[in-house]
Amino acid sequence: MQQAAFEQRPRYDLVVVGAGPAGATAAAVAARGGLRVALLEKYSLPRHKPCGGGLPLPVQRELLDLAPEAVVDGRVRSMRHSWGFQRAVEAPIDPPGTPPQQSRGLLMVQRPCFDHALVRQAQAAGAELLEGHAFVGLERAAGGVTLQVRRRAVAGTLLADAVIGADGAAGGVAACVGLRRSPRIALAIELEVPHRWDPAEPLLRPDLLHLDYGTLRRGYAWLFPKADHLNIGAGLFHGRLRDVRRDPSARERIRTAIAATAASLGIAEERLTGLRAHAHPLPFWDGPEPLHSADGRVLLVGDAAGLINPLFGDGLFHAIRSGRLAAEALLAGDPTSHTARVHGLLADDFEAARRLARVFYAIPRLAFRHAISQPRATPVAVGLLGGEVSFQGLGRRALRRVAAGLVHDLGWRVATGNQP
Ligand SMILES: Cc1cc2nc3c(=O)[nH]c(=O)nc-3n(C[C@H](O)[C@H](O)[C@H](O)COP(=O)(O)OP(=O)(O)OC[C@H]3O[C@@H](n4cnc5c(N)ncnc54)[C@H](O)[C@@H]3O)c2cc1C
């Protein structure tokens with residue numbers, strides 16, 4: 001490979017690897033705080049990222065100067081939950097009696113546009129975007145870090161005082177410093193089906209999101225409405241293997257669930273023909289672990305830090321918040337506080353969500369019947385997504401409800417000999 005180092009470049013205070021939501025937020029906050037920042041991204045922007053693009057409203061507090069209206073594609077007002085496409089229950093996101101001006105909804109974004117807007121904000125704050133530059137490796141240099149970088153066939157180096165690894169599920173930065181050695185990896189696939197909204201199709205509405213829990217064991221399938229397409233996907237979240245990608249039947253089962261979801265909503269099979277299905281790993285939270293190197297020179301955020309909620313599989317809000325926290329730790333001159341800052345914000349809730357997920361994915365039919373399909377469950381779920389309801393309090397209540405339901409169902413079965 002041709003060796004043409006990027007020696008002309010200055011030494012940076014911070015190189016952020018990965019221009020997703022976590023990296024772009026970290027770069028924006030650090031640059032605003034006066035650091036000299038490079039934001040490294042292996043693709044040219046805007047780039048596609050497989051994602052449902054669902055975001056809870058409180059994320060708007062984290063978008064700095066970005067107006068949500070500039071990046072939001074639509075707003076979901078109701079969710080339709082089903083079990084194997086039967087027993088469907090539609091529930092509004094707002095708790096009953098919410099005045100219209102306080103209506104919340106779940107924000108829908110398209111990732112190429114959303115991520116690019118965050119990157120532009122980082123650039124406006126002074127961060128230098130190096131797109132088409134792939135991080136290859138790093139080594140400690142005197143008082144800093146040397147990053148090996150590749151741009152097309154050209155290899156080079158960058159020097160920095162600190163590095164934030166925001167490089168997503170692949171997490172090359174983490175591997176270089178011996179962090180996240182054995183991540184728990186889930187797998188999801190999504191398909192974008194071009195769509196024109198038609199009132200004659202009552203099940204397909206731009207304000208309605210669909211979730212089915214019965215078609216894919218240990219995961220769920222979804223349809224998220226977007227302005228010009230339907231995002232249909234499914235995720236196998238709690239497979240028997242620690243890394244779901246190693247399960248040879250996983251992809252096929254997920255694809256089958258996607259096709260079944262489309263069919264159940266009256267979307268003709270031909271509309272899926274020729275569309276590219278995007279598969280992507282999801283690094284689930286698997287307990288507290290170090291998120292920075294011992295010397296505080298390398299910090300991890302977002303998916304690279306395994307910050308995906310183990311119950312729902314969402315990661316955008318946590319990516320953005322952890323990006324901010326990493327930049328704040330550096331600006332405070334206290335980078336080794338990074339892990340504690342992230343854990344302080346997320347660990348208790350994620351641990352409670354992990355306990356709940358173990359129960360939920362082991363007995364999904366009962367959980368659907370006695371928790372998810374109940375009228376109050378939808379506003380509570382959206383509160384959990386936005387961090388306004390804590391998983392800890394909910395966990396005990398939900399488990400009690402499911403246990404009471406189990407007793408009721410057993411009684412019913414004994415009395416009638418039928419499944420309730
Ligand atoms: C199918 C699917 C649906 C999902 N739906 C939702 C949802 O509805 N809501 C939600 O909250 N979450 C959802 N998630 C999770 C969400 O997509 C992630 O949690 C989120 O993208 C994490 O952001 P990030 O910035 O940490 O990483 P990413 O968005 O993955 O960004 C990482 C960036 O790093 C770049 N990069 C990688 N390697 C290198 C390298 N070597 N050099 C330079 N750059 C590099 C990548 O190109 C990328 O731009 C979904 C995930 C999947 C797979």
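Residues numbered from 1 in each chain as written. Predicted model: local features only at pLDDT ≥ 70, side-chain atom pairs only at ≥ 80, totals over all residues.

Side note on the overall build of the protein chain
Within the protein chain, the secondary structure is distributed over 10 helices and 18 strands. On C-alpha atoms alone, the protein chain measures out to a radius of gyration of 22 Å, which is about the 22 Å that the 2.2 N^0.38 rule sets for 420 residues. Taking the principal axes of the C-alpha coordinates as reference, the protein chain spans close to 75 × 50 × 45 Å. Here the protein chain, with 420 residues, has 45% of them falling under the buried criterion. (Helix = DSSP H or I, 4+ residues; strand = E, 2+ residues; numbered from the N terminus. Rg over C-alpha atoms; globule rule 2.2 N^0.38 Å. Buried ≥ 20, exposed ≤ 12 C-beta atoms within 10 Å, placed from the backbone.)

Here we look at the sheet that holds strand β14 (residues 208-212)
The sheet built from 7 strands is open, its strands ordered β7-β6-β14-β15-β16-β13-β17 with mixed pairing. Two strands in the sheet have a free side with no partner beyond their single neighbour: β7 (86-92) and β17 (278-284). Across the sheet, the mean angle from the axis of one strand to that of its neighbour is 20 degrees, orientation sign disregarded. With 3 bridges joining them, β14 and strand β15 (residues 219-225) adopt antiparallel strand pairing. Directly across from L211, in β15, lies its bridge partner W222. (Pairing = 2+ DSSP bridges. Axes fitted to C-alpha atoms, helices over the stretch in contact; angles between N-to-C directions.)

Concerning the pairing of strand β11 (residues 144-151)
Two elements, strand β10 (residues 133-141) and β11, share 8 bridges in a ladder whose sense is antiparallel. Note that in β11 the partner of E139 across the bridge is T146. Linking β10 to β11, which pair antiparallel, is a turn of 2 residues; within it G143 sits at a positive phi near 65 degrees. Pairing between β11 and strand β12 (residues 154-165): 7 bridges, direction antiparallel.

Some remarks on the environment of A357
Turning to its location among the elements, A357 is positioned in helix α7 (residues 338-362). Taking C-alpha positions, A357 is 15 Å from I185, a pair spaced 172 residues apart along the chain. The contact partners of A357, leaving out residues within four places of it in the chain, are H238, P310 and L311. (Contact = placed C-beta atoms within 7 Å.)

Structural notes on the site of the ligand
In the region of the ligand, 39 residues are neighbours, and G18, G20, G168, G302 and G315 sit closest. A class-by-class count of the residues in the shell around the ligand yields 19 nonpolar, 12 polar and 8 charged. Per-domain counts for the shell around the ligand show at least three residues from each of domain 1 (2-72 + 104-181 + 285-350) and domain 2 (184-282). (Near = placed C-beta within 6 Å. Nonpolar A, V, L, I, M, F, W, Y, C, P; charged D, E, K, R; others polar. Domains from an automatic or database assignment.)

Digging into the packing of helix α1 (residues 21-32) against helix α6 (residues 316-331)
Following both chains from N to C, one finds α1 and α6 inclined at 30 degrees, their axes separated by 7 Å at the closest point. As far as their axial angle goes, α6 and α1 are roughly parallel. Here α1 runs over α6; the crossing is right-handed. Between α1 and α6, the residues in contact are P21, A22, G23, T25, A26, V29 and A30 and L316, A319, I320, S322, G323, R324, A326, A327, E328, L330 and L331, respectively. Here the contact of α1 with α6 is composed, by residue class, of 12 nonpolar, 4 polar and 2 charged. (Parallel < 35°, antiparallel > 145°, perpendicular 65-115°, else oblique. Left-handed = near helix turned anticlockwise from the far one by under 90°.)

A closer look at the packing of α6 against α7
In the contact formed by α6 and α7, the axes pass within 9 Å of each other and the chain directions differ by 145 degrees. Note that α6 runs across α7; the crossing there is right-handed. On the side of α6, the interface is formed by H318, R321, S322, L325, A326 and A329, while α7 contributes H338, R341, V342, L345 and L346. Looking at side-chain class alone, the contact of α6 with α7 contains 6 nonpolar, 3 polar and 2 charged residues.

Considering the domain arrangement of the protein chain
Once the domains are mapped, the protein chain shows domain 1 (2-72 + 104-181 + 285-350), domain 2 (184-282) and domain 3 (362-416). Across the contact, 9 residues belong to domain 1 and 8 residues belong to domain 3. Class assignment of the residues belonging to the side of domain 1 that touches domain 3 gives a composition of 5 nonpolar, no polar and 4 charged.

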